[in-house]
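Inside the fold
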Amino acid sequence: MSDWNANIVAEFRANEGRVGGPFEGAPMVLVHHVGRKSGRKTVSPMMYMQDEQDPATIYVFASKAGAPTNPDWYYNLTTAGKAEVEVGTEQYPVTVAEVTGPERDTIYAEQARRYPGFAEYAVKTEGIRTIPVLALRRA
């Protein structure tokens, strides 16, 4: 997986935040975080959704393609409560907050409407876990 991510990161940076393949045309962000156990710095590419009322906030989804467990980056971000992101050619610090309840459900439903793969991920995880939504707010 790390080689796959490294290729996406390189493509993202070479094309001012745009990538092709399965993510062509999708809004992508690179999230810089530190391993809560390892202390190692990592960059994870993710799809995001911009908050329509607050341009300083984007949402990321810990879908892990519908796997039964959350991705490691989810725990790193929620433990640290902060990170850095690259959106397009801009890099800036963010605070991290988990979105829960009806607000989470509304945001996730909109992402699933825009990108049906997210609806499939929710079906795969039904009864196992609720896919977390994290708000990344410009610090």
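Anyway, here's the lowdown on the structure attached to this text.

Conventions and cut-offs
Residues numbered from 1 in each chain as written. Predicted model: local features only at pLDDT ≥ 70, side-chain atom pairs only at ≥ 80, totals over all residues. Heavy atoms only, no water. Helix = DSSP H or I, 4+ residues; strand = E, 2+ residues; numbered from the N terminus. Buried < 20%, exposed > 50% of the residue type's maximum accessible area, 1.4 Å probe, protein only. Expected span 1.5 Å × (residues − 1). Arc of directions from axis to C-beta. Contact = heavy atoms within 4.5 Å. Polar contact = N/O pair within 3.5 Å; in protein donor to acceptor, adjacent residues only side chain to side chain. Lys, Arg positive; Asp, Glu negative; His and termini not counted. Salt bridge = Lys/Arg side-chain N within 4 Å of Asp/Glu carboxyl O.

1. Brief notes about the environment of Pro 55
Along the chain, Pro 55 falls in the loop between β2 (41–50) and β3 (57–61). Judged by relative accessible area, Pro 55 falls into the exposed class, the value being 66%. Once the C-alpha coordinates of Pro 55 and Asp 105 are considered, the two residues, 50 residues apart in sequence, prove to be 20 Å apart.

2. Digging into helix α1 (residues 2–14)
For α1, spanning 13 residues, the distance from its first C-alpha to its last is 18 Å, which sits close to the expected 18 Å at 1.5 Å a residue. All of the buried residues in α1 are Asn 5, Ile 8, Val 9 and Phe 12. Mapping the buried residues of α1 onto a view down its axis gives an arc of 100 degrees, with all of them on the same face. Opposite the buried face of α1, by more than 90 degrees, sit the exposed residues Asp 3, Asn 7 and Ala 14. Each element contacted by the buried residues of α1 is listed here: β1 (28–34), β2 and β4 (82–87). Backbone geometry just after α1 places Glu 16 at a positive phi near 55 degrees.

3. Quick notes on the environment of Glu 52
Looking at the element boundaries, Glu 52 is found in the loop between β2 and β3. By relative accessible area, which is 62% here, Glu 52 ends up exposed. A polar contact is formed between the side chain of Glu 52 and the side chain of Arg 114, at a distance of 2.7 Å.

4. Regarding the side chain of Asp 51
Mapped onto the elements of the fold, Asp 51 is located in the loop between β2 and β3. This buried residue, Asp 51, is left without a salt bridge; Arg 137 holds the nearest opposite charge, at 6.1 Å. There is a polar contact of 2.4 Å between the side chain of Asp 51 and the side chain of Tyr 59. The residues contacting Asp 51, other than those within four sequence positions of it, are Thr 57 and Tyr 59.

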